[in-house]
Amino acid sequence: MLKRVFSGFRPTGKQHIGNYLGAIQNCISLQDEYDCIYCVVDIHALTTLESTERLQGDVYEMVLDWLAAGIDPQKNILFVQSHVPQVMELHTLFSMVTPLSWLLRVPTFKEKVKAQPHNVNYGLVGYPVLMTADIALYKGEIVPVGEDQLPHLELAREIVRRFNSIYGFVFPEPQAKLTSFPLIPGLDGVQKMSKSYNNYIEMAAPPEEIMERVMTAFTDPARQYRSDQGHPDMCNIFRLHKFFTPTRVEEIDSECRHAGIGCVDCKKMLAQSISLTFEPFREKRAILASKPNYITGILAEGASRAEAIAKETIKEVKDKMRLLKRGKV
Ligand code: SF4
């Protein structure tokens, strides 16, 4: 029996190359070693969204990118959180064993209160409870997390531990699989790559767009003229070369330091490398995009498989909690 991995991802639409190098590659590498459940957490997204106008499209485009990149629906369960309503049920039941004080001290809750003071909704404070329900509903044993997410997972472990101690054992305590998600620099050279900062390159971008975006990127700020010697360690183009042009990194490093290569040529080389890397992806994506029923079918199948597990868990939970069964005395 393979151990079960659970991972949830907020729907963010078309994925950028930072998403690929961070989350997507990691999911692909796990799918041969574990029983993986990958979930698009659209309910979580509602805690911060001002409008749901783009939500459906964002879910669809993200799943399309994932499938085209190599997430295999035969090996994994891939589904949308709201398609399996039992998670809301477990969230409510877990909320009865979770002291409010645990939730109010969560640092991300405090950050969100600052970030959206006009919309401090109940969902924000209950976010870790819903996250725990996501994992526990499928009896997830392993959760891939970055170091910054460890406190959230610890809270999930505390909640299931409390449930188990009050009502009897149902849930394994999920273990962290510490994953070092590489920090992908954005084109602005300041922030990490993110849609919020408009400093990204989409995985699906055509070669012309990749070239255009790369050409706008900041480089070594101390290199003003072509004849200036560069400092590749200060340059985000160089950092991206490490991922996309690994075989020429030493050469670029040396050429840059001796002004043997100019930034324009260096950027052109990077744009070509990125474009080549994602060429098979773009082709597969175009084929999948022409079959929208295929994507919705994959998600429906994933939801059915997830729901079968969820129903079993909810039955077990209600039995342990001694809730009266419908139609029984
Ligand atoms: S030559 Fe390349 S690595 Fe050097 S500063 Fe210019 S863009 Fe950066």
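Please refer to the structure higher up on the page.
The paragraphs below set out a description of the structure included in this document. (Residues numbered from 1 in each chain as written. Predicted model: local features only at pLDDT ≥ 70, side-chain atom pairs only at ≥ 80, totals over all residues. Heavy atoms only, no water.)

This part takes up the environment of Ile-17. Residue position: Ile-17 is located in helix H1 (residues 17-30). On the accessibility criterion, Ile-17 (0% relative accessible area) is buried. Taking the C-alpha atoms as reference points, Ile-17 and Ala-45, 28 residues apart in sequence, are found 21 Å from one another. (Helix = DSSP H or I, 4+ residues; strand = E, 2+ residues; numbered from the N terminus. Buried < 20%, exposed > 50% of the residue type's maximum accessible area, 1.4 Å probe, protein only.)

Our next topic: the packing of aromatic side chains. Tallied over the full model, the rule gives twelve aromatic pairs. Aromatic pair Phe-6 and Tyr-138: ring centres 5.9 Å apart, planes at 5°, arrangement stacked. Within this pair, whereas Phe-6 is found in strand S1 (residues 4-9), its partner Tyr-138 is found in the loop between helix H7 (122-137) and strand S4 (142-145), the two being separated by 132 residues in sequence. The buried category is assigned to Phe-6, whose relative accessible area is 3%. When the ring of Phe-163 is compared with that of Tyr-167, the centres are 5.1 Å apart and the planes differ by 45°; the resulting orientation is tilted. Here the residue Phe-163 and the residue Tyr-167 both occupy positions in helix H8 (residues 150-167), the gap between them amounting to four residues, near one helical turn. The ring of Tyr-200 carries the charged tip of Arg-213 above its face, separated from the ring centre by 4.9 Å. Directly above the aromatic system of Tyr-294 lies the positively charged group of Lys-291, at a separation of 5.5 Å from the ring centroid. (Phe/Tyr/Trp six-rings, centres within 6.5 Å; stacked < 30°, edge-to-face > 60°. Lys NZ or Arg CZ within 6 Å of the ring centre and 35° of its normal.)

For the rest of this paragraph, the subject is the environment of Glu-208. In this fold, Glu-208 is placed in helix H9 (residues 207-215). Linking Glu-208 and Trp-102, residues 106 residues apart in sequence, is a C-alpha distance of 50 Å.

Time to look at the site of the ligand. The local shell around the ligand consists of Thr-219, Asp-220, Arg-223, Cys-235, Ile-237, Phe-238, Cys-256, Ile-261, Cys-263 and Cys-266. For the ligand, the cavity whose grid points lie within 2 Å of the majority of its atoms is the largest cavity. Elements represented by at least two residues in the shell around the ligand include exactly helix H10 (236-244) and helix H12 (263-277). (Near = heavy atom within 4 Å. 1 Å grid on protein atoms, 1.4 Å probe; cavity = no way out; pocket = protein on both sides within 12 Å on 5 of 7 lines; lining within 4 Å. Sits in = over half its atoms within 2 Å of the grid points.)

What follows covers the pairing of strand S5 (residues 175-178). Bridge analysis of S4 against S5 gives four bridges, and the strand direction is parallel. Directly across from Val-145, in S5, lies its bridge partner Leu-178. Tracing the backbone out of S4, into H8 and back to the parallel element S5 gives a crossover that is right-handed. (Pairing = 2+ DSSP bridges. Right-handed = clockwise from strand over helix to strand, strands pointing away.)

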